Amino acid sequence: SNDGQLLFLMEMVNKMKPTLENGIGSRIASVHNGSSLFTGDAEGGESNTRRYIIENDLLEAIIQLPNNIFYNTGITTYIWLLNNNKPEYRRGKVQLIDASQKYKKLRKNLGNKNCELTSEHIQEIQDVYTDFKDIPRKGEANIVSKIFDNSDFGYNKVTIERPKRLKARFSTEAIEDLKFEKSIIEPMKWAYEEYGEDVYKNLKGLEKHIINWCDKNEIELNAKSKKTLFSQETWKKQREVYEAAKSLMEYIGEKEHLDFNIFKKETEKAIKELKLILSVGEKNSIYGAITEYDERAEKVIKKKEKLSKEKLLNLLEKYDCKPSELGNYGYFPTENPEEFIIYETETDLRDYENIPLNQDITAYMAKERI
């Protein structure tokens, strides 16, 4: 498997003799396919294995071999060379060698194998490795060598968040589904459209019909969802939420709002004036029904936070940045130097960026305009 190769390599690394034992240490040559180089997300298992090998300065070189050099596979293969006692000039460095064009064709294929390395090819690869110099590509047949710093291979995985931007508008269509519990909306909606007010008066008598409909439409109901669906309390509560939303719509109107922060304040004020009793969850279900992402809308403020001097210093130390750069980490300054705005994030727009260890995260983000 992809991660099996690296696990096997780590098993060999664990068996390397410490340098202190004999002053020589140990060396490993291990053949891999390309998955050991590329698979695995930053901070995942495979990536952390590569990171361990590089951070501990064990990797000397990776040599790309010609395709079709082995009997049972035609894929590209690589030799990883590890050494826990690198000579001084190789420390902190990794050499990549492309020897994929060095081969002699066989007169007759042996399975997938259709070429081989001659003793001259092997000597040439060895010389390039020993010389430890950059060799540019001059033609199709020459060996290419490139020397890298260890830090060129490391990445920080950075989460890129975007602020939530919501437009809000009450409408008859938007609040209609508030009559139903989200997790069982399909059977509730069908039952209401089919039997109307009976669902509030004679739910027990309709149970068999609703279950038959669910079976026909391949809707599986576990014990919990059945209990919720056939509880008169569920229907009553959802209707109360709907009626509350209807009252708010009549009070506030159906105008579109592009600043949810102001809209929420107005709605909370209306809830008090109308003396509506709604839990936080019920309010959120109403907001969820009447809002949607709109890039024209204002950012949704999660909270404004006053930072003590100690907490501010801790943040600056943690992110290694200036106060003006804290916005890159979710703390946006206000006119008050001690106060910062934290915005709600839009999970659907969340992204990730792998930033090389040898690049400053803030500078990289500014350059890429992330």
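Calculation rules
- Residues numbered from 1 in each chain as written.
- Predicted model: local features only at pLDDT ≥ 70, side-chain atom pairs only at ≥ 80, totals over all residues.
- Heavy atoms only, no water.
- Buried < 20%, exposed > 50% of the residue type's maximum accessible area, 1.4 Å probe, protein only.
- Helix = DSSP H or I, 4+ residues; strand = E, 2+ residues; numbered from the N terminus.
- Pairing = 2+ DSSP bridges.
- Axes fitted to C-alpha atoms, helices over the stretch in contact; angles between N-to-C directions.
- Parallel < 35°, antiparallel > 145°, perpendicular 65-115°, else oblique.
- Left-handed = near helix turned anticlockwise from the far one by under 90°.
- Contact = heavy atoms within 4.5 Å.
- Nonpolar A, V, L, I, M, F, W, Y, C, P; charged D, E, K, R; others polar.
- Phe/Tyr/Trp six-rings, centres within 6.5 Å; stacked < 30°, edge-to-face > 60°.

## Observations regarding the pairing of strand S2 (residues 59–64)
Stage number 1. By the criterion of burial, S2 is predominantly enclosed, with five of the six residues buried.
Stage number 2. Of the pairings in the sheet, the one linking S2 to strand S3 (residues 77–83) comprises five bridges and is antiparallel in character. Within S3, the residue paired with Ile63 across the bridge is Ile79.

## Some points on the sheet that holds strand S7 (residues 144–149)
Stage number 1. As summarised here, the arrangement of the five strands in space is S1-S3-S2-S4-S7, forming an open sheet in which the pairing is mixed. Across the chains shown, the open sheet's two edge strands, defined by having one partner strand only, are strand S1 (27–33) and S7. Pairs of neighbouring strands in the sheet enclose a mean axial angle of 15°, with direction left out of account.
Stage number 2. Looking at chain direction, S1 and S3 are connected through seven bridges and run antiparallel. Note that in S3 the partner of Ala29 across the bridge is Leu81.

## Topic: the packing of helix H11 (residues 232–252) against helix H12 (residues 260–273)
Stage number 1. Interaxial distance between H11 and H12 falls to 10 Å at its minimum, and their mutual angle equals 110°. Between H11 and H12, the crossing angle belongs to the class labelled roughly perpendicular. Note on packing geometry: the crossing formed by H11 with H12 is right-handed. Across the interface between the two elements, Leu248, Tyr251 and Ile252 from H11 touch Phe263, Thr267, Ala270, Ile271 and Glu273 from H12.
Stage number 2. Counted by class, the contact of H11 with H12 contains six nonpolar, one polar and one charged residues.

## Quick notes on the packing of aromatic side chains
Stage number 1. For the coordinates displayed, the defined rule picks out 11 aromatic pairs.
Stage number 2. With centroids separated by 5.9 Å and ring planes inclined at 45°, the aromatic side chains of Phe170 and Phe263 adopt a geometry described as tilted. Note that Phe170 is positioned in the loop between strand S9 (166–168) and helix H6 (172–176) and Phe263 in helix H12, a separation of 93 residues in sequence.
Stage number 3. On the accessibility criterion, Phe170 (0% relative accessible area) is buried.
Stage number 4. Consider the rings of Phe260 and Phe263, whose centres lie 6.2 Å apart with planes at 35°: the pair is tilted. Of this pair, Phe260 and Phe263 both sit in helix H12, three residues apart, which is roughly one turn of the helix.
Stage number 5. Owing to a relative accessible area of 8%, Phe260 belongs among the buried residues under this scheme.
Stage number 6. The class for Phe263 is buried, based on a relative accessible area of 1%.
Stage number 7. One aromatic cluster is present, formed by Phe170, Phe260, Phe263 and Tyr287 through successive ring pairs.

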